[in-house]
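An overview of the molecular structure
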Amino acid sequence: MSISVVQKDVKALVEDLNFAEKVERALGLIREAYEEFGDRLVVANSLGKDSMVVWHLAKRVSPDIRGFIVTTRFKPQETKDFMRKLVAEHPELQVYENSQPIPERLYETDPDRCCELLKVEPTRQAIREMDVACWVTGLRCTEGRTRTDFQEVEERDKGLIKLNPILIWHEREVWQYLALHDVAVNPLYGEGYRSLGCAPCTHITADPDERAGRWIGTSKCGGECGIHTKPLVTDYQI
Ligand code: SF4
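In this text the structure is predicted, and so the values were computed from the model without any measurement. (Residues numbered from 1 in each chain as written. Predicted model: local features only at pLDDT ≥ 70, side-chain atom pairs only at ≥ 80, totals over all residues. Heavy atoms only, no water.)

For the coordinates displayed, the defined rule picks out four cavities of 30 Å³ or more. If you go around the largest cavity, you meet 34 residues; those closest to its centre are Ser46, Ser51, Leu196, Ile227 and His228. Those elements that place two or more of their residues in the lining of the largest cavity are α3 (49-61), β2 (66-70) and α6 (111-129). For the lining of the largest cavity, the residue count by class is 11 nonpolar, 12 polar and 11 charged. Considering only enclosed or pocket space, the second largest cavity measures out at about 90 Å³ in volume. Lining the second largest cavity are Thr72, Phe74, Tyr107, Pro111, Cys114, Cys115, Leu118, Lys119, Cys198, Cys201, Arg214 and Trp215. When residues of the lining of the second largest cavity are assigned to their parent elements, the largest contribution, five residues, is made by α6. Grouping the amino acids of the lining of the second largest cavity by side-chain chemistry returns nine nonpolar, one polar and two charged. (1 Å grid on protein atoms, 1.4 Å probe; cavity = no way out; pocket = protein on both sides within 12 Å on 5 of 7 lines; lining within 4 Å. Points joined across faces, edges and corners; volume = space filled by probe spheres on them. Helix = DSSP H or I, 4+ residues; strand = E, 2+ residues; numbered from the N terminus. Nonpolar A, V, L, I, M, F, W, Y, C, P; charged D, E, K, R; others polar.)

Encoded structure:
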């Protein structure tokens, strides 16, 4: 682990810091990491609200910061349209997609395998091809049961730093930042979605858990696609 952030009690920070302090902390984390890793710091942009905050924060640190988007054949049309517009505005965002054939309705029969093929492997490819030393994500510890145990700075894969600069933000603070800075978001949020993924695996719910609408009806319900939990640095080539 290289960047010098002191790992604190994340759960305490969620409640102890106010919105402005969280923004400053996030900017400071990105700034420090960018000073250390330079062009090898890359933002993972999932096109969701949290990624749009992190992308905006990163651009405040330096307009030169690059990013990547992992998309799949199953993303909703609204997300595909949103992505096209964003990439047109930001050609420094590279898009990765695995278009190899997969079994039909794999998302129903084996969603873990489907996510491994369509999300995790293109993420590995992005990290390899963009020569990433530090990737920046929009992960937040208040999103749901699977996200409570992360840190702001991690080294889950040896030699690859993962920075989660808005880890301690509430959902409300994400919307507060987006509104204050007039940042465009995926129009699907206007329909009631709170967490966006592939169309077959993403639903609107009234559940308090922000990620409860993900993979409903499967063992993966409310869970993870794997990019935050599986090894990303491998010799595997897609
Ligand atoms: S979210 Fe669903 S459709 Fe998308 S990769 Fe995962 S299992 Fe497949």
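Right, let's get into the sheet that holds strand β5 (residues 153-157). Taken together, the six strands give an open sheet; going across it, the order is β3-β2-β1-β4-β6-β5, and neighbouring strands pair in mixed fashion. Either end of the sheet is taken by a strand with one partner, and the two such strands are β3 (93-96) and β5. In this sheet, adjacent strand axes meet at a mean angle of 30° when their direction is disregarded. Two strands pair when backbone bridges link them, and strand β1 (residues 41-44) and β2 are joined in this way by three bridges, in the parallel orientation. Note that in β2 the partner of valine 42 across the bridge is arginine 66. Helix-sheet contacts for α3 involve β1, β2, β3 and β4 (134-136), and the interaxial angle to β1 is about 150°. Contacting β2 and β3, helix α4 (residues 77-89) crosses the sheet at an angle of about 145° to β3. (Pairing = 2+ DSSP bridges. Axes fitted to C-alpha atoms, helices over the stretch in contact; angles between N-to-C directions. Contact = heavy atoms within 4.5 Å.)

Distances and angles like these do not, on their own, reveal function.
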